[in-house]
Amino acid sequence: MKKILRQTAYHSRLLHRHHRKRNKNTLTVVLFHRVLPKDSPEWEGADPEWTVTTDFFEECLHFFRKHYSVVGFPEVLENYQGGAALPDNPLLITFDDGWRCNLQHAAPLLEKLGFPAILFVATGATGKPILSWQEALFALWKSNKLDTQKTDAIAELAKITPPGPIVTEAEYHKFLAILRDRPLGTRNRLNAPLFDWISTLPGLPYMLNRKELLEWQKRGFHLGTHGTSHEPMVDMEGSHQELHLSKHVLANIVGNGQTIRCFSPPHGIYNEELLETAAKIGYLCACTSRKGLNHTRERSGFIDLGRININQLALMNTRKKLDPSKLASLLFLQPILEQ
């Protein structure tokens, strides 16, 4: 019954009319991570929760064109600083992490529709084969390469009890949760062995390197920072250094072509203290994990923009394509956030 009501509301355009009126003066910010063709060997180690197919991504873009005015980050910032107003029902497309596939596969589809976007880069991973130990661990598990010998070695480094064989998804997530609870310095020791173990996996994804980041920028897209290590900044005594270093590194890459004004907190974990620190360093805006829509009225002080993650698994129909009624329900009915 719920499915029938949702689809009826969408296809009758009732949801669309509600959205056009209620969300006229709100900014929707959507979040993607990896975009891969269906036949890419990178799927072997990709987490489907944070990865979409190129077909699905293109379907989303056409949905955005039908229901929104897609805008770029400079227009968003100008609006909030009292400049030119945004068009009705604006939408900003964002990417986190800095995967090479964003340039290879997402950028051409964005260009085809003339859509801008902003990419938040974990600068410490630039040019590396994978983002961090967590993505490497998942790639090993998904590829059936996370054997007992490796988990014992990880447990020794992390100073935890060896977990035994990890077969099911529940066992994997339990092991991951234990590792995430270890101190930051301990977690950082996991990078070297995990990066070494994934080196023989087929379809290594690779993160964007310096040249490719410049290419992203030259093609008219924007860049922001996503920290350096992709560890939660609220766990760090040196969050100021993490924010400053990532901004400095990215600014050196793009040169005078763009001022780095926005960041995205890794894993969506942040607090007010982190935003205050970012403001002191010179950031003007953060795209955070608050789920909801953003008023477009002028703002004073630091700008905290809520975002909505696009999860392909949750938005497909029985034919493995985008169900537009699901996406409409996800986006159109979000609460409107206060700054």
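Refer to the structure presented above.
Residues numbered from 1 in each chain as written. Predicted model: local features only at pLDDT ≥ 70, side-chain atom pairs only at ≥ 80, totals over all residues. Heavy atoms only, no water.

Trainee: Which parts of the structure should I look at to understand helix H3 (residues 54-67)?
Mentor: Along an α-helix, residues three or four positions apart point the same way, because every turn accommodates 3.6 residues. Taking 1.5 Å of rise per residue, 14 residues should cover 20 Å, and H3 covers 20 Å from first to last C-alpha, within 8% of that figure. Every buried residue belonging to H3 is among Thr 54, Phe 56, Phe 57, Cys 60, Leu 61, Phe 63, Phe 64 and His 67, and all of these are buried. (Helix = DSSP H or I, 4+ residues; strand = E, 2+ residues; numbered from the N terminus. Expected span 1.5 Å × (residues − 1). Buried < 20%, exposed > 50% of the residue type's maximum accessible area, 1.4 Å probe, protein only.)

Trainee: When you look at the packing of aromatic side chains in this model, what are you seeing that I'm missing?
Mentor: Within a pair of aromatic rings, the relevant descriptors are the distance that separates the centres and the angle that separates the planes. Per the stated rule, a full pass over the model turns up 14 aromatic pairs. Ring geometry for Phe 32 against Phe 95: centres 6.0 Å apart, planes inclined by 35 degrees, an arrangement best described as tilted. Note that Phe 32 is positioned in strand S1 (residues 26-32) and Phe 95 in strand S5 (residues 90-97), a separation of 63 residues in sequence. Since its relative accessible area comes to 0%, Phe 95 is described here as buried. Centroid distance Phe 63 to Phe 332: 5.9 Å. Interplanar angle 25 degrees. Geometry classified as stacked. One end of the pair, Phe 63, is in helix H3; the other, Phe 332, is in helix H15 (residues 324-332), and 269 residues separate them in sequence. The same class applies to Phe 63 as to Phe 332, namely buried. Between Arg 34 and the ring centre of Trp 99, over which it is positioned, the NZ or CZ distance is 4.2 Å. A cation over a ring is seen here: Lys 247 above Tyr 283, with NZ or CZ 5.8 Å from the ring centre. (Phe/Tyr/Trp six-rings, centres within 6.5 Å; stacked < 30°, edge-to-face > 60°. Lys NZ or Arg CZ within 6 Å of the ring centre and 35° of its normal.)

Trainee: Just checking my understanding: could you explain the side chain of Ser 264 for this structure?
Mentor: Relative to the assigned elements, Ser 264 resides in the loop between strand S8 (262-263) and helix H13 (272-281). Classification of Ser 264 by relative accessible area gives buried; the value is 0%. Side chain to side chain, Ser 264 and Asp 96 meet in a polar contact 3.1 Å long. Residues within four places of Ser 264 in sequence aside, it is in contact with Asp 96, Phe 120, Thr 225, His 226, Cys 287 and Arg 307. (Polar contact = N/O pair within 3.5 Å; in protein donor to acceptor, adjacent residues only side chain to side chain. Contact = heavy atoms within 4.5 Å.)

Trainee: Where do I start with a positive patch on the surface in this structure?
Mentor: On the surface, Arg 13, Arg 17, Arg 20 and Lys 66 cluster together into a patch of positive charge. Among the secondary structure elements, Arg 17 is positioned in helix H2 (residues 14-22). (Patch = residues over 30% accessible without salt bridge, like charges linked within 9 Å, V, L, I, M, F, W, Y side chains within 5 Å. Areas by Shrake-Rupley, 256 points an atom, 1.4 Å probe, with all protein chains shown as cover. Salt bridge = Lys/Arg side-chain N within 4 Å of Asp/Glu carboxyl O. Lys, Arg positive; Asp, Glu negative; His and termini not counted. Charge placed at Lys NZ, Arg CZ, Asp CG, Glu CD.)

Trainee: I keep staring at the nonpolar core and nothing clicks. Help me out?
Mentor: Nonpolar side chains tend to gather and get buried jointly when the protein is soluble and globular. Counting 59 residues, the largest nonpolar core has Phe 64, Ile 93, Phe 95 and Leu 331 as the members making the most contacts within it. Sequence-distant contacts of Phe 64, defined by excluding residues within four places in its chain, comprise Val 30, Phe 32, Val 70, Leu 91, Ile 93, Phe 115, Leu 327 and Leu 331. The next biggest cluster of nonpolar side chains, apart from the first, holds 32 residues, and it includes Ala 46, Ile 160, Leu 179 and Phe 195. (Core = buried A, V, L, I, M, F, W, Y, C linked by side-chain atoms within 4.5 Å.)

Trainee: For this particular structure, what's the right way to read the environment of Ile 253?
Mentor: Take Ile 253: it is sitting in helix H12 (residues 239-254). Residues Ile 253 and Asn 209, spaced 44 residues apart in sequence, show a C-alpha to C-alpha distance of 9.8 Å. Ignoring anything within four residues of it in the chain, the contact list for Ile 253 reads Arg 210, Leu 213 and Leu 214.

Trainee: Please clarify how the pattern of salt bridges should be interpreted in this entry.
Mentor: Here the idea is simple: oppositely charged side chains can pair when their charged atoms come close. Here the structure, examined in full by the defined rule, presents 13 salt bridges. The shortest N-O distance in the salt bridge between Asp 323 and Arg 6 comes to 3.3 Å. Placement of the pair is Asp 323 in the loop between helix H14 (312-315) and H15 and Arg 6 in helix H1 (residues 2-11), with a sequence separation of 317 residues. For the residue pair Asp 323 and Arg 6, the accessibility class agrees, reading buried in each case. What emerges from the salt-bridge pattern is a single network uniting Glu 111, Glu 215 and Arg 219.

Trainee: Just to check I follow, could you spell out H13 for this structure?
Mentor: Those residues of H13 that fall on the buried side of the exposure criterion are Leu 274, Leu 275, Thr 277, Ala 278 and Ile 281. Each buried residue of H13 sits inside an arc of 160 degrees when the element is viewed along its axis, so together they form one side. Seen from the buried face of H13, the exposed residues on the opposite side, beyond 90 degrees, are Glu 272, Glu 273 and Lys 280. Summarising the contacts, the buried residues of H13 are in contact with H12, S8, strand S9 (285-287) and strand S11 (303-305). Positive phi appears at Gly 282, one or two residues downstream of H13, with a value of about 120 degrees. (Arc of directions from axis to C-beta.)

Trainee: It is not clear to me how unusual backbone geometry should be interpreted in this structure. Could you clarify?
Mentor: Backbone geometry follows two general trends: most residues other than glycine have a negative phi, and most peptide bonds adopt the trans configuration. Its identity as a non-glycine residue notwithstanding, Arg 13 has a phi of 70 degrees, on the positive side. Relative to the assigned elements, Arg 13 resides in the loop between H1 and H2.

Trainee: Looking at this structure, how should I read the pairing of strand S6 (residues 118-121)?
Mentor: Side-chain positions along a regular strand alternate between the two faces of the sheet. By the alternation rule, side chains of S6 split into Ile 118 and Phe 120 and Leu 119 and Val 121, which are all buried. The pairing of S6 with strand S7 (residues 222-225) spans four bridges and is classified as parallel. For Leu 119, the partnering residue across the bridge sits in S7 and is Leu 223. (Pairing = 2+ DSSP bridges.)

Trainee: Sorry if this is basic, but what is going on with the pairing of S1 here?
Mentor: Counting buried positions along S1 gives seven out of seven residues, so the element sits mostly inside the fold. Here S1 shows two buried faces, one formed by Thr 26, Thr 28, Val 30 and Phe 32 and the other by Leu 27, Val 29 and Leu 31. Two elements, S1 and S5, share five bridges in a ladder whose sense is parallel. Bridge assignment links Phe 32 to a residue of S5, and that residue is Phe 95. Pairing between S1 and strand S12 (residues 308-309): two bridges, direction parallel. Across the sheet, Val 30 pairs through a bridge with Ile 308, a residue of S12.

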